[in-house]
Amino acid sequence: MAKKTINDFNQMVDNGEKIVYLTAYDYLTAKMEEKAGVDMILVGDSLGMVSLGYDTTFPVTMDDMIRHCSAVRRGAPNTFIVGDMPYMSYQTSNEQAIANAGRFIKEAGADCIKLEGGGPMIAERIKAIQQAGILVMGHIGLTPQLMGQIGGYRAQGRSSAAAMKIVNEAKAVEAAGAFSILVEGIPTAVGKAITERAGIPILGIGAGSYTHGQLLIYADMVGLYDNFTPKFVKKYANVGEVLTKAFKEYTEEVRKGQFPVDSEHTYGMNETEVKEFLA
Ligand code: KIV
Ligand code: NA
């Protein structure tokens, strides 16, 4: 199947077709996701927690993101890829934001970038990157890079005033030139209001069923990452259990001398060669 473009996503919204969005951080996973037919892959800075073992997304660097994003591109050559701008890769200035957004396109083969926030400074960054010719996806609601100000990993927009603030942020991000917005960790009613008022595709993670598309962190939905599971995650598999079981069996078999035994997993040598070799 051909790689989808911004036109396809707009068309899907017009047709009422849901956009399927999933994170990936490496070649193997990306390959499976493309095979499964997801529409869009996010190489999220959740990489920091899921693949690199940090407690937060703060330590993730541009080099980390480029390395993993290019691996995902190699695994999913025909899928639209979103490169997530890590903490402090766009906050400093428009110039910094454009240069780092450009690295995702130039070095990692991403189709667009995503950045967090809905205030005036972020609107300025979105405009600058967009004017440099790069597609920008906004990200509002529960924004992990603003964890300190939000006061922890918790749903946003649960009071009428807070909900209105997020609705206005969505408008500002769209007006700044984002081609799409990801809304995270907000009540269904707020996700619905934003979606109804938007002129661009609205993708949701923990934002209810009314958004134009859905995102999950792949490691959550297959039961690989179990340090913390948000309410909005549905577990479609328990891959963590399957892998641990395989690792255990291997460990036991090696210790007992049960692996390798059969000719199936060993290399042979013809008799004459063996005799000559041992003589
Ligand atoms: O980094 C990420 O995976 C994200 C999603 C959780 C929204 O930004
Ligand atoms: Na992120």
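As the structure is a computational prediction, the values presented were derived from the model and not from experiment.

1. Points about the site of ligand 1
Then comes step 1: In the region of ligand 1, the neighbouring residues are Thr23, Leu42, Gly44, Asp45, Ser46, Asp84, Leu182, Glu184, Ile205 and Ile217.
Then comes step 2: For the shell around ligand 1, the per-class residue count stands at four nonpolar, three polar and three charged.

2. Let's talk about the domain arrangement of the protein chain
Many authors give the size of an interface as the accessible area that is lost as the parts come together.
Then comes step 1: Domain boundaries assigned for the protein chain yield domain 1 (6-237) and domain 2 (242-278).
Then comes step 2: For domain 1 versus domain 2, the separation of C-alpha centres amounts to 46 Å.

3. Things to note about the packing of helix α2 (residues 27-36) against helix α4 (residues 62-75)
Then comes step 1: At a closest axis distance of 7 Å, the pairing of α2 and α4 adopts a crossing angle of 40 degrees. Considering their axes alone, α2 and α4 lie oblique with respect to each other. Of the two elements, α2 crosses α4, and the hand of that crossing is right-handed. Counted together, Tyr27, Leu28, Thr29, Ala30, Lys31 and Glu34 of α2 and Ala71, Val72, Arg74 and Gly75 of α4 form the full contact between these two elements.
Then comes step 2: When grouped by side-chain class, the residues that make up the contact of α2 with α4 number five nonpolar, two polar and three charged.

4. Here we look at the UniProt feature "binding site: Mg(2+)" (unreviewed entry) in the protein chain
Then comes step 1: Per the UniProt record, "binding site: Mg(2+)" (unreviewed entry) is found at Asp45, Asp84 and Glu116. The annotated residues occupy 72 residues of the chain but converge on a single region, no pair of C-alpha atoms lying more than 10.9 Å apart.
Then comes step 2: For aspartate 45, the location among the structural elements is in the loop between β2 (40-43) and α3 (47-50).
Then comes step 3: Using a count of 30 C-beta atoms within 10 Å as the deciding quantity, one classes aspartate 45 as buried.
Then comes step 4: Not counting the four nearest positions on each side in its chain, aspartate 45 is found in contact with Thr57, Val60, Met65, Asp84 and Pro86.
Then comes step 5: Apart from the residues lying within four places of it in its own chain, the contact partners of glutamate 116 are His139, Thr143, Gln145 and Leu146.

5. Some details on the UniProt feature "binding site: 3-methyl-2-oxobutanoate" (unreviewed entry) in the protein chain
Then comes step 1: The residues that UniProt annotates with the feature "binding site: 3-methyl-2-oxobutanoate" (unreviewed entry) are Asp45, Ser46, Asp84 and Lys114. Spanning 70 residues, the named residues form one tight spatial group whose C-alpha atoms are at most 12.6 Å apart.
Then comes step 2: For lysine 114, the position within the fold is in strand β4 (residues 112-116).

Criteria and thresholds
- Residues numbered from 1 in each chain as written.
- Chains lettered and ligands numbered in written order.
- Predicted model: local features only at pLDDT ≥ 70, side-chain atom pairs only at ≥ 80, totals over all residues.
- Near = placed C-beta within 6 Å.
- Nonpolar A, V, L, I, M, F, W, Y, C, P; charged D, E, K, R; others polar.
- Domains from an automatic or database assignment.
- Axes fitted to C-alpha atoms, helices over the stretch in contact; angles between N-to-C directions.
- Helix = DSSP H or I, 4+ residues; strand = E, 2+ residues; numbered from the N terminus.
- Parallel < 35°, antiparallel > 145°, perpendicular 65-115°, else oblique.
- Left-handed = near helix turned anticlockwise from the far one by under 90°.
- Contact = placed C-beta atoms within 7 Å.
- UniProt positions renumbered as here; feature names shortened; annotations may be inferred.
- Buried ≥ 20, exposed ≤ 12 C-beta atoms within 10 Å, placed from the backbone.

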